[in-house]
Structure formats: structure tokens, C-alpha cells
Amino acid sequence: MKILHTVESYLPSHHGMSEVVRQISERLVGAGHHVTVVTRFDPRRLEKKINGVDIVEFNVSGNITEGIQGEYDLYVRFLLESQYDIVTNFAAQQWATDLALPILPKIHGKKVFVPTGFSALYMEKYKPYFERMKEWLNEYDKVVYLSNDYRDVNFARELGFKNGILIPNGASEEEFSTAIDPGFKTRLNIPEQNTLVLHVAGYVGGKGHLDAIKIFRKAKLKQSSLLLVSPEFGDKFEHYQILNLSSLKSIIKMIIKNHVFPEYDYIVLLRRLQKIGLYSNIRFIELSRPEVVQAYKNADLFLFPSNIECSPIVLFECMAAKTPFLVTDVGNAREIVEWSKAGEILPTKVSKKNIGLCRAEIQKSSCILRKIDTDIEKKKTMSENGYNSWMSNFTWKKISKQYEVQIGRASCRERV
């Protein structure tokens, strides 16, 4: 089959959605299909074919609600003139999907949608968008939901749609089959005896970086380090403009209060203090993908108090790395915990501002972190549970096969 995947950004950009599309695309190519990914122009992208996947790029940004800028007319023309058997739009509320929605009946081939959560569903200014979504959803032959109980699938379920299927996220068996590197901590100047608490996320906001720091500091674990890994720290933090503060003493005093500065300012200050030897047990670092995998494998616990998610890939990667996790009740994290028995849900409050943001309860979460840190047997059981669950159900090999089978059946569905 000739398959087109549309996604807001793709390699060399690294984040959850680009990883999902990469894994599915490359494996479908391996299964004998011709796959093209259409995505945003990236000056770092030097090749238009990566691991067998053809890439077509357009200099476009934004979404329907906020406004779309760039070569949107060229992208629309591309969609209308293309001849693919299957066209799959990954993620709502971004240009690569939003520009396709009004012209779905005119696009050749069967259409598949992977909405990834409808994160703006409760936002007032997105009401017109989701009113129209009630019509757009019925234009798809298949809609893939990552969860059986989240905003997007419940939205469709309440409207009586019959074209939805459940295919979860996963983690790569090739990446996580590598042996653990015992020299990882030494390379990062982390004492070998320290408990390593890990947080992995791009710094795009809402991923719980600051809350992870608060929980870790309040837990006061003995001989421990918190490692926050992000591919974007360097670009965003080295040039970020922070407030002028008169002395080191006042900096430390304000940091301890935790809530005085915006999140970016807080983390910039911590990074600056680390350069003179303070807060050395909290590390911010950029790592290559193989080193990120080693971070998972060397970690004792994964701490992920994220504010908004659909189905966090990092939790599946924890399972693959045999790393137990603590996570807010965000997206379908509770469902992943039930599937895997590899983690625990942190006490969580949901924002009252009608956008559904989750925030960890810091004091209670720190108690859970402290308790599980000392429970060796529980951590071992969670590690084994997660790994076995991943091997049985959540490798990308198994997940991509589900996509291949389901898109092959894309015409077999009941319209409502």
C-alpha cells in the first residue's frame, strides 16, 4: 500500500508524537509498504528519505483556532493532488491535521485519524473547533484512540460514533534490548551509591519539570540524585532572560520558596547555581537517544508529575527498561498502571479553570516517593510486571502490526 502520514513535526525533532510516527512509519516500510511523512520544514533535516521513509516538508505553523501561517496553500494542494491508498492524520489541533479536516471528502484514499487526546477540548476558544469535529470525525474510515477512557474517545463515544479502535503506544524492542551500561552514572558525575530518580520530557511546558523538583526536594531521599533529561534545555535556558537579583543569598532564598518565579526562571536559576556547586543532586542535561535509553536503564525510579498528556510514551519506555514509575493521574496514565502494574498514581488535583490541567499534590507525592524508595521488593515486583507486560503487549513491533491490520480494514466500518 501507498501510505501517507501527516504530523506537525518529524525527525530530527524528537518528541512523543514524532517518535510514534517514526516507529510506525519505519516498521510499515519494513513490512513492504511505501510510506511518506508530510511534516513541517526543519533546517536541520538534511535528507528527504530517512530509514526508508520519504519526507515531504512545508513551511507551515499554527492551527485553525490560533491561526495558520506559511505555505498552507501548497500543503492543501499537495493533499488534493496526492494518490495514496491510506492517509493518516496524527494529532488534532495542529496545522497538518487541521488543514485536512475541511477537505477530507476530496482527499484520495481511505482516511485514518489518530487524535491523541483533544487537549484543548475544555478551552472556551476551541468550542467552535470541536463543534465542527462532530462532523469531521464521521469523515474518517478509522479513528485510532490510544486509550479506552480519555477525552477524545469519550467525546466520540458520547456522539455514538462506530469508527473507533484502540491501539496503545509502545516502546522499541531494538532500543531497549541493549545491555545496561554500568559506567553511565560515572560519566554524568553521579555517585554510584545514589538512588537515581529520572524525568524525561521535552521542555514544551506542562511536563512537570518544576513539580518533579519540588517533590524530589521535599522527599529528602538519602544519597539521591534527580536527573531531568530534555533535548531542549540548552536552546531555551542559556539565553533566557531572568530577573535581576542582588545577591546569591536572595537567589537561594527565593528558590526555596518554590513558587515565586515562573517555571523557566526557576530552572534557569537552578542551572546557574549548579555551575558554582550548589544543588548538585539535581541535574539538567541533554543526551543522545542511546544515552536516554541508558538513563532509563540506570534509573531506580521514574518521576513524572506531568500536567497534561494523552498516553505518555515515557511510561512504556519505563516498562521496557524495567524502571518503576510514579505519575500524575494524567491522560490515560491510570489505565497504563492497570495494564502494567508497573507504577503508581500520584495524588493529583485537576485545575478548576476548565482546561483540565493536572497538578501533583507535592507533600503527599513526596511521601509516596520516599516510601517507595525504601521498598526494594515492591520496586522489583513493579519492574518485572512492567517488563513482562511490555514484552507481551507494547513493543512497537506488535503495535505497528495492529496499525497495519487496522488500516487494511479501513473501509470496513459503520457510519452513523
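Conventions we followed
- Throughout, a residue's number is its position along its own chain's written sequence, starting from 1.
- It should be noted that, the model being predicted, local features are given only for residues of pLDDT at least 70 and side-chain atom pairs only at 80 or more, the latter also being counted only at that level, while totals for whole chains, interfaces and linings use all residues.
- Note that the side-chain values use all heavy atoms of the structure and ignore hydrogens as well as water.
- Helix axes are fitted only over the stretch in contact, all axes being lines through C-alpha atoms; the angle between N-to-C directions runs from 0 to 180 degrees.
- For helices the rule is a DSSP run of H or I covering at least 4 residues; for strands it is a run of E covering at least 2, with both sets numbered from the N terminus onward.
- In this scheme, roughly parallel covers angles under 35 degrees and roughly antiparallel covers those over 145, while 65 to 115 is roughly perpendicular and the rest are oblique.
- Helix crossings fall into two classes, left-handed where the near helix is turned counterclockwise from the far one by less than a right angle and right-handed where it is turned clockwise.
- Contact definition: two residues touch when any of their heavy atoms are within 4.5 Å.
- Amino acid classes used here: Ala, Val, Leu, Ile, Met, Phe, Trp, Tyr, Cys and Pro are nonpolar; Asp, Glu, Lys and Arg are charged; the rest, including Gly, are polar.
- Each Phe, Tyr or Trp ring (for Trp, its six-membered ring) is paired with any other whose centre lies within 6.5 Å, and the angle between the two planes then decides the class: stacked below 30 degrees, edge-to-face above 60, tilted in between.
- Between buried and exposed lies partly exposed: a residue is buried under 20% and exposed over 50% of the maximum accessible area for its type, with that area taken using a 1.4 Å probe on protein chains only.
- When the NZ atom of lysine or the CZ atom of arginine is within 6 Å of a ring's centre and also within 35 degrees of its normal, the charge is said to sit over that ring.
- Any two strands with at least two DSSP bridges between them are considered paired.
- Between Lys or Arg on one side and Asp or Glu on the other, a salt bridge is scored when a side-chain nitrogen of the former is within 4 Å of a carboxyl oxygen of the latter.
- Nine residue types can take part in a nonpolar core, namely buried Ala, Val, Leu, Ile, Met, Phe, Trp, Tyr and Cys, and a core is a set of them joined through side-chain atoms within 4.5 Å.

*Asks:* Sorry, what's going on with the packing of helix α8 (residues 209–219) against helix α15 (residues 362–373) here?
*Replies:* Each pair of packed helices gets described by two things: the angle between the helix axes and the distance between those axes. The geometry of α8 relative to α15 is characterised by a closest axis approach of 8 Å and an angle of 60° between their N-to-C directions. Judged by the angle between their axes, α8 and α15 are oblique. Between α8 and α15 the crossing geometry is right-handed. Contacts between α8 and α15 involve D211, K214, I215, F216, K218 and A219 from the first element and I362, Q363, S365, S366, L369 and R370 from the second. When the residues that make up the contact of α8 with α15 are grouped by side-chain class, the tally is five nonpolar, three polar and four charged.

*Asks:* When you look at the packing of aromatic side chains in this model, what are you seeing that I'm missing?
*Replies:* To describe a pair of aromatic rings, one takes the distance between the centres and the angle between the planes. The tally for this structure, following the rule as stated, stands at 17 aromatic pairs. Ring geometry for W339 against F394: centres 5.5 Å apart, planes inclined by 25°, an arrangement best described as stacked. Placement of the pair is W339 in helix α14 (residues 333–340) and F394 in the loop between α16 (376–393) and α17 (396–408), with a sequence separation of 55 residues. For F394, a relative accessible area of 5% puts it in the buried group. Taking the ring centre of Y84 as reference, the NZ or CZ of K2 above it sits at 5.0 Å. Of note, K322 hangs over the ring of Y387, and the distance from its end group to the ring centre comes to 4.6 Å.

*Asks:* Even after reading the chapter, I still don't get the environment of G62, so can you show me in this structure?
*Replies:* Within the secondary structure layout, G62 lies in strand β5 (residues 60–63). Taking relative accessible area as the criterion, G62 reaches 31% and is therefore assigned partly exposed. Residues within four places of G62 in sequence aside, it is in contact with G67, I68, Q69, Q94 and W95.

*Asks:* What is the right way to look at the sheet that holds strand β13 (residues 282–285) in this model?
*Replies:* The strands that make up a sheet are held in pairs by hydrogen bonds between backbone atoms, and each pair lies either parallel or antiparallel. Taken in spatial order, the six strands of this open sheet run β13-β12-β11-β14-β15-β16, and their pairing is parallel. With one partner strand each, in any of the chains shown, β13 and β16 (343–345) form the two edges of the open sheet. Each adjacent strand pair in this sheet contributes to an overall mean axis angle of 20°, direction not counted. Where strand β15 (residues 325–327) and β16 come together, three bridges link them in parallel fashion. Each residue of the ladder has a partner; that of F325, found in β16, is G343. Its contacts with the sheet place helix α12 (residues 289–298) against β11 (195–200), β12 (224–229) and β14 (301–304), and it is angled at close to 135° to β11.

*Asks:* Can you walk me through the pattern of salt bridges in this structure?
*Replies:* Note that side chains of opposite charge can pair when their charged atoms are close. Counting across every chain of the model gives 23 salt bridges. The partner of E19 in a salt bridge is R22, with the nearest N and O atoms 3.1 Å apart. Taken together, the positions of E19 and R22, both in helix α1 (residues 16–30) and three residues apart, correspond to about one turn of that helix. Judged by its relative accessible area of 10%, E19 falls in the buried class. Judged by relative accessible area, R22 falls into the buried class, the value being 14%. E174 is the salt-bridge partner of R27, the closest N and O atoms lying 2.7 Å from each other. Of this pair, R27 sits in helix α1 while E174 is found in helix α6 (residues 173–176), placing the two residues 147 residues apart along the sequence. The class for R27 is buried, based on a relative accessible area of 19%. Judged by its relative accessible area of 46%, E174 falls in the partly exposed class. One salt-bridge network, in which partners are shared between bridges, spans E19, R22 and E26.

*Asks:* Would you mind showing me how to read the nonpolar core here?
*Replies:* Nonpolar side chains tend toward joint burial in soluble globular proteins. In terms of nonpolar packing, the biggest core is built from 38 residues, with L198, L227, Y296, F302 and F325 touching the most fellow members. Sorting the residues of this core by element identifies β11, β12, α12, β14, α13 (313–321), β15 and α14 as the ones contributing at least two each. Sorting elements by how many residues they give to this core places α13 first, with seven residues. Look past the residues within four positions of Y296 in its chain and what remains in contact with it is F176, L198, V200, F302, V314, E317, C318, A321 and T323. The next biggest cluster of nonpolar side chains, apart from the first, holds 37 residues, and it includes I68, L99, L101 and A120.

*Asks:* Is there a simple way to explain the packing of α1 against α17 in this structure?
*Replies:* Between α1 and α17, whose axes approach to 9 Å, the crossing angle comes to 70°. If you check the angle between α1 and α17, you find them roughly perpendicular. Only W396, K397, S400, Y403, E404 and I407 of α17 make contact with α1, whose side of the interface consists of V20, Q23, I24, R27 and L28. Of the residues in the contact of α1 with α17, the class split is six nonpolar, two polar and three charged.

*Asks:* Is there a simple way to think about the environment of L326 in this case?
*Replies:* Topologically, L326 is positioned in strand β15. In this structure L326 comes out as buried when scored by relative accessible area, which is 0%. Considering only alpha carbons, one finds L326 and L315, 11 residues apart in sequence, at a separation of 9.2 Å. What L326 contacts, discounting residues up to four positions off in sequence, is F302, L303, F304, E344, L346, I368, L369 and I372.

*Asks:* Just to check I follow, could you spell out α13 for this structure?
*Replies:* Each α-helix winds once per 3.6 residues, and so residues spaced three or four apart point in a common direction. For α13, a buried count of nine out of nine residues is recorded, marking the element as mostly surrounded by other parts of the structure. Taken as a whole, α13 has its buried residues at I313, V314, L315, F316, E317, C318, M319, A320 and A321. Positioned one or two residues after α13, K322 has a phi angle of 65°, which is positive.

*Asks:* I keep staring at α14 and nothing clicks. Help me out?
*Replies:* Residues of α14 that are buried: A333, E335, I336, V337 and S340. Note on α14: the residue one or two positions beyond its end, K341, has a positive phi of about 55°.

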